[in-house]
Each structure stands twice: as structure tokens, then as C-alpha cells.
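# Notes for the structure review
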Amino acid sequence: YNVYFNFQLGKFIIFILLLPLVCLIGIVTNFLTFWTIYKNRKDELKLKFYELIMIISFLNMLYSFIHILNLFNECVVYNGIYCSTVYTTEIAQYFKIIIVHYLGNLIKFNSNFTYIIMLINKYQAINNESRKFIKTISSINTKNLMVSSFLLSILINFIKIFEYEINLDEETLSYPLSYLV
């Protein structure tokens, strides 16, 4: 009983107390980064590097916002003190499948992809003897890179939509049901 209680208390602290705090800090810091670069756009700040930082900041803000909204879909202890009354509803389950898992993974993939592109561009900027691959990647328009990344992430993460099933009648199981568990 004591181990179970400690585990549930840990879940409560992480999911209900720390996650919103970390998400709010993420939203604020990414907003400040985005806003600072946006307001100070001069010739030297129009570099591709700064465009990529703005894209990463926007994607990270969006990802954090989705996870704050996901709190209504959490139930730390079944029939516990913090169980949203809507987390078992069909719309909340679709929200978790489509927005949190699918769109969240799209955003995460695109943010990580943009980090990689930013690092390649930075490497190319400081290394005059870059390889042809790095020079080619660095020369591609930011908009084309992001469209390519978005299309690739749609293809890669498409399976996420089919990973879950809406739970309408199994109260002791999770909402939504995962095929992988």
C-alpha cells in the first residue's frame, strides 16, 4: 500500500504540479525568444539562423500549450481527487489521440528537424570547407525545408492516429485505449 501511495503521489507531483509549471516556463521563454528576434529584425537578424530560431520557439510554444490543455485529460488515480469529469468523454479521447499524440508528435518532429537544420547551417557558416551535402542543405529556402519537414512528419507519424481506440465502456482501462500496451 505504501509503495502504491508513493507512486500515485509521484504521479500527482509530476503531472499536476510540475508539468504545468514547466510548460508555462517553456511558453514564456520561447515567447520571449520569438518576440526578441521578431522585434529586432535588422539585416543581420534576417539570417536563416534567426528564422530557424523563431520557428523552433513557435513550435515549442505550441507543444507546451498542447500539454497544458492535455491536463483535463489526465487522471492520476482512477476515481481519484484529481480526475477531470471530461477525460472519459469521446471528445476528450479524440483530443488526446489527434491533438496530443498526433499533432504533438508532428510538432516535436518538426522542432527537432529544425534544430538539426539550424546546426547544419551554423556548421556551414563557421566551416568554409563544408561538404557538398551540408552546403546543399544550407542553401535550401527555409520555407521549402519546413514544408518538406512537415510532409515527412505527417508520413512518419500517421500511424499514431491508429495506435489508439476510443474507450466507451471499459471503466477500468485507460482513456483512450492503446493497442501497444
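The structure this text deals with has already been given above.
Residues numbered from 1 in each chain as written. Predicted model: local features only at pLDDT ≥ 70, side-chain atom pairs only at ≥ 80, totals over all residues. Heavy atoms only, no water.

Applying the stated criterion across every chain, the model contains one salt bridge. Here Lys160 makes a salt bridge to Glu163, at a shortest N to O gap of 3.2 Å. Here the two residues Lys160 and Glu163 agree in accessibility, since each one is buried. (Salt bridge = Lys/Arg side-chain N within 4 Å of Asp/Glu carboxyl O. Buried < 20%, exposed > 50% of the residue type's maximum accessible area, 1.4 Å probe, protein only.)

What follows concerns the environment of Asn40. Note that Asn40 resides in the loop between helix H1 (2-39) and helix H2 (48-69). Judged by relative accessible area, which is 34%, Asn40 ranks as partly exposed. (Helix = DSSP H or I, 4+ residues; strand = E, 2+ residues; numbered from the N terminus.)

Our focus in this paragraph is the side chain of Asn70. Take Asn70: it is sitting in the loop between H2 and helix H3 (90-126). Setting aside anything within four residues of it in sequence, one finds Asn70 in contact with Phe95, Lys96 and Val100. (Contact = heavy atoms within 4.5 Å.)

Next up on the list: the nonpolar core. Counting 11 residues, the largest nonpolar core consists of Ile37, Leu52, Ile53, Met54, Ile56, Ile117, Met118, Ile120, Ile134, Ile137 and Leu145. The residues contacting Ile56, other than those within four sequence positions of it, are Ser111, Thr114, Tyr115 and Met118. Counting residues in each nonpolar core, the second largest holds six residues, with Ile66, Val100, Ile107 and Met146 among its members. (Core = buried A, V, L, I, M, F, W, Y, C linked by side-chain atoms within 4.5 Å.)

Right, let's get into a nonpolar patch on the surface. On the surface, Leu17, Leu18, Leu21, Val22 and Ile25 cluster together into a nonpolar patch covering about 460 Å² of accessible area. Within the secondary structure, Leu17 sits in helix H1. Owing to a relative accessible area of 47%, Leu17 belongs among the partly exposed residues under this scheme. (Patch = residues over 30% accessible without salt bridge, like charges linked within 9 Å, V, L, I, M, F, W, Y side chains within 5 Å. Areas by Shrake-Rupley, 256 points an atom, 1.4 Å probe, with all protein chains shown as cover.)

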